[in-house]
Amino acid sequence: MRTKTPKLVLAAILVALAIALSFAKLWEMPLGGSVTLGSMLPIMLLSLALGVKWGLAGSCVFALFQIAQALIEGNVFPYCETGATLVICVLFDYIFPFIVLGLAGAPRRLRLGKFRHAGAYLGIVLVCVLRFLSHFVTGVAIWGQWAPDGMGKYLYSLLYNGGYMLPELGITLVCAALLLESPEMRRLINLEVDRDRTVL
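Reading guide: rules and limits
- The numbering scheme is per chain: residues are counted from 1 as the chain's sequence reads.
- In keeping with the predicted nature of the model, local features appear solely for residues at pLDDT of at least 70, side-chain atom pairs appear and are counted solely at 80 or more, and the whole-chain, interface and lining totals rest on all residues.
- Side-chain measures here rest on the full set of heavy atoms in the structure, leaving out hydrogens and waters.
- For two strands to be treated as a pair, DSSP must find at least two bridges joining them.
- Secondary structure elements follow DSSP: runs of H or I no shorter than four residues count as helices, runs of E no shorter than two count as strands, and numbering proceeds from the N terminus.
- The span expected for a helix works out to 1.5 Å for each residue beyond the first.
- For a residue, the bend is simply the angle between two axes, fitted respectively to the seven-residue segment ending there and the seven-residue segment starting there.
- To sort residues, take the accessible area from a 1.4 Å probe on protein chains only and compare it with the maximum for the residue type: under 20% means buried, over 50% means exposed, and anything in between is partly exposed.
- Only buried residues count toward a nonpolar core. Its members are Ala, Val, Leu, Ile, Met, Phe, Trp, Tyr and Cys residues joined through side-chain atoms within 4.5 Å.
- By definition in these notes, contact holds between two residues if any of their heavy atoms fall within 4.5 Å.
- Two rings from Phe, Tyr or Trp (for Trp, the six-membered ring) form a pair when their centres are within 6.5 Å of each other. A pair whose planes differ by under 30 degrees is stacked, one over 60 is edge-to-face, and the rest are tilted.
- Put simply, a patch holds well-exposed residues, over 30% relative accessible area, that have no salt bridge, with like charges counted together within 9 Å and Val, Leu, Ile, Met, Phe, Trp or Tyr side chains within 5 Å.
- Each accessible area is a Shrake-Rupley estimate made with a 1.4 Å probe; only the visible protein chains count as cover when residues are assessed.
- Whenever Lys or Arg places a side-chain nitrogen within 4 Å of a carboxyl oxygen from Asp or Glu, that contact is recorded as a salt bridge.

**Some details on the pairing of strand 1 (residues 25-28)**
As paired elements, strand 1 and strand 2 (residues 34-36) share three bridges and run antiparallel to each other. Directly across from Glu 28, in strand 2, lies its bridge partner Ser 34. Connecting the antiparallel pair strand 1 and strand 2 is a turn made up of five residues, with Gly 32 showing a positive phi of about 105 degrees.

**Things to note about helix 6 (residues 153-180)**
Given a rise of 1.5 Å per residue, 28 residues ought to cover 40 Å, and the 39 Å separating the end C-alpha atoms of helix 6 matches this to within 8%. By the largest-angle criterion, Gly 162 marks the main kink of helix 6, which is about 35 degrees. What helix 6 keeps buried is the set Tyr 156, Ser 157, Tyr 160, Asn 161, Gly 162, Tyr 164, Met 165, Glu 168, Leu 169, Thr 172, Ala 176 and Leu 180.

**As for the nonpolar core**
With 46 residues, the main nonpolar core has Met 44, Phe 62, Cys 89, Tyr 94, Leu 101 and Trp 143 as its most contacted residues. Those elements that place two or more of their residues in this core are helix 1 (5-22), helix 2 (41-50), helix 3 (52-73), helix 4 (83-99), helix 5 (118-141) and helix 6. Excluding anything up to four places from it in sequence, Met 44 contacts Leu 101, Ala 104, Ile 124, Val 127, Cys 128 and Thr 172.

**Some thoughts on the packing of aromatic side chains**
As enumerated under the stated definition, the model contains seven aromatic pairs in all. Judged by centre distance (6.2 Å) and plane angle (80 degrees), the rings of Tyr 160 and Tyr 164 are edge-to-face. Here the residue Tyr 160 and the residue Tyr 164 both occupy positions in helix 6, the gap between them amounting to four residues, near one helical turn. Judged by relative accessible area, which is 2%, Tyr 164 ranks as buried. One aromatic cluster is present, built from ring pairs that chain together Phe 132, Phe 136 and Tyr 154.

**Focus on a nonpolar patch on the surface**
Taken together, the side chains of Phe 96, Leu 103, Val 129, Leu 130 and Leu 133 define a hydrophobic patch exposed on the protein surface, amounting to about 380 Å² of accessible area. Tracing the backbone shows Leu 130 in helix 5. For Leu 130, a relative accessible area of 32% puts it in the partly exposed group.

Just distances and angles here, no functional claims.
Quick look at the structure:
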């Protein structure tokens, strides 16, 4: 009988690594959001290695940790002045943007010509875009009230959230590229399989 123990161990290690890396902040934004040393990547690797189901399970744990961390630090939720803004903040700044990381493995088998790892990179970029859009919603709905004079809340949210999400995406892609150069990592996340499934 096949056992899930190796998968559980791998999932636990990668989630723990994501949590540890979330404390390695290069800089932090005043109203939430930070640039880390690739804290999203372990969750994405979990999805790439074991599939979306496992990726979403790990990302749910990661999202719950983010909420717990925000509650402990107490530097975000006090700005939510109504019940509606609190719900929006929890959903679009914590639950959705971190759970969506578990979808990174969805296009994992995609190849573009000789570019074998196109699916992995596409998944990484797509989930980062989804995370940005989620934070953009709260930037408009809640944090836009702190926009500088003369700057609309949409532009403010775009610049604020882009200010940390773009560097975070760049770091994630660089780290992913370095890891995917390793044959051991490629075997771990099964990117050497299904080479005949190509695009273009």
